[in-house]
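# Fold and geometry: a report
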Amino acid sequence: MGKGEWKPGDPYPNTNINPSGSDEVRKMLKKSFEPLSHRGLRAYEFIEWIGYALGLSWFKKPAIDEKSWKHLYENFDFSKFYEFPSDYFSLFLAENGQSGVADYFPTPLHITIFMNKILECDNETSSLIDTVWEPCLGTGAMTLPSKSLNLVGADLNPLMVRAAAIQAFFYKPSMLYVPRPVIGIHADPDQLKINRYFEFNTDTRIFNGNSLLGEFTCPESIFIEDSEFVEVYFGVLDLEKHEIYQYENELEKPWNTLDKETQIKIVQAMAREIQPQSVLTNPPFNMKLPSFEKERIEEIHRRNKAFLENRNSKKRLSLFKSIEEEVEEKINIAASDNQKLGKDQLMFVF
């Protein structure tokens, strides 16, 4: 990141994740948390303390008593996570109040390691630079074994997102903190143009929000305390939230007639339309789609129709046509009652 460029053959950050983990870490977590739970504190406050201690802007100083704070300071050992890399928070949260919440049943690491190995079979360079999208991130079990330097993850549950950010701090720094495009990973090294998804509104790639709608929030600066939270759209259903539509008139003009600032804004907007090369997830297929969520999708569908009707007089560039067809397909499937999985069950379309 310091030199802003990565070439095939260059070293890259990678942590070998152990599928079984270490009893030493699990005992340390239990010893740290149990006294807190006896005082009525939840797993949320425990995770909040860890993230705050690491200085991540997802977290605020937790409201815990002085005795609990002193206990954590004396018993929680961050170095153990580096010594024995694994996915510790999936099991911890499943055992401490999150199992069954939004159908949270963590995928075992030996399975996620195998799934990532499959992605790495075809081309070693591609496995490092392809955008890998995990729309049901949980605590990061799917992404922790990945070699990709271009990971993007999101979850509906704020606690899961926070736990994933902590584990990314330990094992996936290239996912937690991405302040600028890196040539060779996010951008083409020859033409110096963005050729893979890159988010320009924030310096992290871990988002909180609804992957069905493609609407998320996250801190603007992951290491700034009380950082402003910004909106992020990735595969968003609402056409009005596709920034590229703001530049329809400019895109009809010769490129060399546009000023440099406008060119940069257009490239940024177009980069947000690049789809991930891989989607790696274990979504909650047996979770029912709430009626309010279905109504929201139907409302977006109505808004999209009105949006397109207002654009009838505009020239339909192929870029916009492909966006509109893709959104329409997702809405039709997400809002359909005729799904093989059963009426009103969730269906993710990528």
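Because the structure is a prediction, the values reported are computed rather than measured.

With that out of the way, let us pick up helix H8 (residues 158-171). For H8, which comprises 14 residues, the first-to-last C-alpha distance of 20 Å matches the rise-based estimate of 20 Å (1.5 Å per residue) to within 8%. Most of H8 is tucked away, with twelve of its 14 residues classed as buried. Within the sequence span of H8, burial applies to Leu159, Met160, Val161, Arg162, Ala163, Ala164, Ala165, Ile166, Gln167, Ala168, Phe170 and Tyr171. Capping the start of H8 is the job of one residue whose side-chain oxygen sits 2.9 Å from the backbone nitrogen of Leu159: Asn157.

So, on to the pairing of strand S4 (residues 215-219). Two faces belong to every sheet, and in a regular strand the side chains alternate between them. Across the five residues of S4, four count as buried, placing the element largely inside the fold. Of the pairings in the sheet, the one linking strand S3 (residues 206-210) to S4 comprises three bridges and is antiparallel in character. Note that in S4 the partner of Asn210 across the bridge is Glu215. Between S3 and S4, which pair antiparallel one after the other, the connecting turn spans four residues, and Gly214 there sits at a positive phi close to 75 degrees.

Enumeration over the complete set of coordinates arrives at 27 aromatic pairs. Taking the centre distance of 5.9 Å and the plane angle of 50 degrees together, the rings of Phe170 and Tyr171 count as tilted. Per residue, the accessibility class of Phe170 equals that of Tyr171, and both read buried. Between Tyr197 and Phe234 the ring centres are 4.0 Å apart and the planes differ by 35 degrees, which places this aromatic pair in the tilted class. Residue Tyr197 is located in the loop between helix H9 (173-176) and S3, and its partner Phe234 is located in the loop between strand S5 (229-233) and helix H10 (248-251); the two are separated by 37 residues in the primary sequence. Given the relative accessible area of 0%, Tyr197 is considered buried. Above the face of the Trp69 ring, Lys61 is positioned so that its terminal group lies 5.5 Å from the ring centre.

With that settled, the discussion passes to empty space enclosed by the protein. The full count for this structure, using the stated rule, is two cavities of 30 Å³ or more. Here the second largest cavity defines a volume of roughly 30 Å³. For the second largest cavity, the full set of lining residues is Thr139, Gly140, Thr143, Leu144, Ala164, Ala168, Lys172, Met175 and Ile206. Residue composition of the lining of the second largest cavity, grouped by class: five nonpolar, three polar and one charged.

Time to look at the layout of surface pockets. In this model, the second largest pocket occupies a volume close to 410 Å³. If you trace the second largest pocket, you find 21 residues lining it, with Arg26, Tyr88, Leu91, Phe92 and Glu95 closest to the centre. Put simply, the parts of the chain that give the lining of the second largest pocket at least two residues each are helix H1 (23-38) and helix H5 (89-98). Looking at which element gives the most residues to the lining of the second largest pocket, the answer is H1, with six residues. Each residue belonging to the lining of the second largest pocket can be placed in one class, and the counts come to nine nonpolar, six polar and six charged.

Reading across the sheet, the six strands line up as S5-S4-S3-S2-S1-S6 and stay open at both edges, with mixed pairing between neighbours. Two strands lie at the open edges of the sheet, namely S5 and strand S6 (278-279), each paired on one side alone. Sheet topology places S4 next to S5; five bridges connect them, and they run antiparallel. In the sheet register, Phe216 faces S5, and the bridge partner there is Val232.

What counts, and where the lines are drawn
Residues numbered from 1 in each chain as written. Predicted model: local features only at pLDDT ≥ 70, side-chain atom pairs only at ≥ 80, totals over all residues. Heavy atoms only, no water. Helix = DSSP H or I, 4+ residues; strand = E, 2+ residues; numbered from the N terminus. Expected span 1.5 Å × (residues − 1). Buried < 20%, exposed > 50% of the residue type's maximum accessible area, 1.4 Å probe, protein only. Polar contact = N/O pair within 3.5 Å; in protein donor to acceptor, adjacent residues only side chain to side chain. Pairing = 2+ DSSP bridges. Phe/Tyr/Trp six-rings, centres within 6.5 Å; stacked < 30°, edge-to-face > 60°. Lys NZ or Arg CZ within 6 Å of the ring centre and 35° of its normal. 1 Å grid on protein atoms, 1.4 Å probe; cavity = no way out; pocket = protein on both sides within 12 Å on 5 of 7 lines; lining within 4 Å. Points joined across faces, edges and corners; volume = space filled by probe spheres on them. Nonpolar A, V, L, I, M, F, W, Y, C, P; charged D, E, K, R; others polar.

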